[in-house]
Amino acid sequence: MSQHDFNLSDHFKLGIFASNCSGGLTASTLEDGWDASWAKNLELAQMADEAGIDFLLSAARFIGHGGEKDFHGTVLETVTWTSALLAKTNNIHVFATLHTVLNHPVVVAKQIATMAQISGNRVGLNIVAGWNKPEYDAMGLKLPDDHATRYEYADEWCELVKKIWHSSEPFNWDGKFFQTKGTYGKPNLIPAPPLFNAAGSKEGREFAVKNSDFLFTPASDLERSVIEIKQLQKEAEALDRNIKVLTFSHVICRPTEEEAQAEWDRQLNNADEAAVQHLIDTLFAFCKSFPPDLFEGLRQRIVVGHGGYPLVGTPEQVADGLISLQQTGFSGSTLSFLNYTQEFPYFRDQVMPILKEKGLLRAAC
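Residues numbered from 1 in each chain as written. Predicted model: local features only at pLDDT ≥ 70, side-chain atom pairs only at ≥ 80, totals over all residues. Heavy atoms only, no water.

So, on to the environment of Lys13. Along the chain, the position of Lys13 falls in strand 1 (residues 13-17). Expressed as a C-alpha distance, the spacing of Lys13 and Gly332, which sit 319 residues apart in the sequence, is 4.2 Å. Setting aside residues no more than four positions away along its own chain, Lys13 makes contact with Phe6, Asp54, Phe55, Phe214, Ser331, Gly332 and Ser333. A distance of 3.2 Å separates a polar side-chain atom of Lys13 from the backbone oxygen of Phe6. (Helix = DSSP H or I, 4+ residues; strand = E, 2+ residues; numbered from the N terminus. Contact = heavy atoms within 4.5 Å. Polar contact = N/O pair within 3.5 Å; in protein donor to acceptor, adjacent residues only side chain to side chain.)

Okay, structure coming up:
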């Protein structure tokens, strides 16, 4: 799939999220959880590539959330991870997640352009303006308290990255946050790679609509999501842009509904409670991705799937859940599993054929 096809194709996109982080998206004390080793990431990436999954998406973490297993304490760095997986796969897009405050735009432009050459333009960029204050404390950096400043910074960062991708001739940049002289980008990167962003605040949504191709938002309430997606698309049209909306899901797929529910209960009942509480406290204090009035009802989903939409049941029920997301207006969803390499093959063999039959997936799947 080319970059152009990735942005413009209408099929429902499936991605795999956060396999580079220990625990994946489940803060659990279970011994059969995800260890995020390179060997397991490579195995998963090649399975997903062969199965026709559209993309892999990393999460950028630098310290964990504590608890018995230090959820997200072990993380493969995203640029290194992305480069290596692009070199070891053939068709799948791989998205590097980068924090604007931690990564200089001139360096990022060069990194992404290099990965585009490595992969035949299968690289993507997921832009994070910053929300996890303890991570910045660990680096001795100050995370601005107000979202307006964070996104003003991210907006200039993104504009500079895009200009470098398109500029073979040296230019000077005299902005509020960046001042450069004689800057240019070789190799160029035209067209620009697909850009992801997840945002919940007013400023974040404005940034995403202006700069990204795909915006991530939780599917907390599907009736609410219908309205939200239409509003975002209307705001994009006002800027003469087209934005697609993605969400993220946690999969527990078993031959029977009873087995799937039992596994949901097992994951929920073996939560790494200290890590979950730290995560909730951090999300509530610094992150605006989850609407406050829906947050309390999301606690179980935070434990099992980091707040993702629960796809729990038989292959038919899981497929129906993804179809419901598509009918709501979402253009795709990421997937997470308690143990990705153990559980993805069942999803591949039992759920993806149903989705293909229903016309949700691209023809290569």
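The next point concerns the pattern of salt bridges. Under the criterion given, the structure shown has 13 salt bridges. Here Arg205 and Glu228 are joined by a salt bridge, their closest N and O atoms 2.7 Å apart. You can see Arg205 sitting in helix 7 (residues 202-211) and its partner Glu228 sitting in helix 8 (residues 222-238), a full 23 residues away along the chain. Exposure remark for Glu228: the relative accessible area of 18% places this residue in the buried category. Salt-bridge contacts for Arg266 lead to Glu263; the nearest nitrogen and oxygen are separated by 2.8 Å. Placement of both Arg266 and Glu263 in helix 9 (residues 257-269) is noted, with a separation of three residues, approximately one turn of the helix. Counted as one network, the salt bridges with shared partners bring together Asp32, Glu263 and Arg266. (Salt bridge = Lys/Arg side-chain N within 4 Å of Asp/Glu carboxyl O. Buried < 20%, exposed > 50% of the residue type's maximum accessible area, 1.4 Å probe, protein only.)

The nonpolar side chains of a soluble globular protein tend to be buried with one another. Core analysis: the largest hydrophobic core is formed by 91 residues, its most contacted members being Leu322, Phe344 and Phe347. No other element matches the nine residues that helix 6 (residues 147-166) contributes to this core. Discounting residues that sit within four places of it in the chain, Leu322 has contacts with Phe12, Leu14, Leu311, Ser333, Leu335, Phe347, Val351, Leu355 and Leu360. Counting residues in hydrophobic clusters, the runner-up holds 18 residues, among them Ala27, Ile280, Ile302 and Val303. (Core = buried A, V, L, I, M, F, W, Y, C linked by side-chain atoms within 4.5 Å.)

The next point concerns helix 3 (residues 78-87). Of the positions making up helix 3, those classed as buried are Thr78, Val79, Trp81, Thr82, Leu85 and Leu86. All buried residues of helix 3 fall inside an arc of 160 degrees around its axis, so they share one side. Projecting away from the buried face of helix 3 at angles above 90 degrees are the exposed residues Thr80 and Ala87. Elements in contact with the buried residues of helix 3: helix 2 (38-51), strand 2 (55-57), strand 3 (93-99), helix 4 (105-119) and strand 4 (123-128). Where helix 3 starts, the residue carrying a side-chain oxygen 2.9 Å from the main-chain nitrogen of Val79 turns out to be Glu77. (Arc of directions from axis to C-beta.)

Turning to the packing of helix 13 (residues 315-328) against helix 14 (residues 340-357), a few remarks are in order. Two elements in contact, helix 13 and helix 14, have axes whose closest approach is 9 Å; the angle formed by their N-to-C orientations is 55 degrees. It follows from the interaxial angle that helix 13 and helix 14 lie oblique. Our pair here, helix 13 against helix 14, has a crossing hand that is right-handed. Counting all contacts with helix 13, which are made through Pro315, Glu316, Val318, Ala319, Leu322 and Ile323, the residues of helix 14 involved are Tyr346, Phe347, Gln350, Val351, Ile354 and Leu355. The residue makeup of the contact of helix 13 with helix 14, split by class, is 10 nonpolar, one polar and one charged. (Axes fitted to C-alpha atoms, helices over the stretch in contact; angles between N-to-C directions. Parallel < 35°, antiparallel > 145°, perpendicular 65-115°, else oblique. Left-handed = near helix turned anticlockwise from the far one by under 90°. Nonpolar A, V, L, I, M, F, W, Y, C, P; charged D, E, K, R; others polar.)

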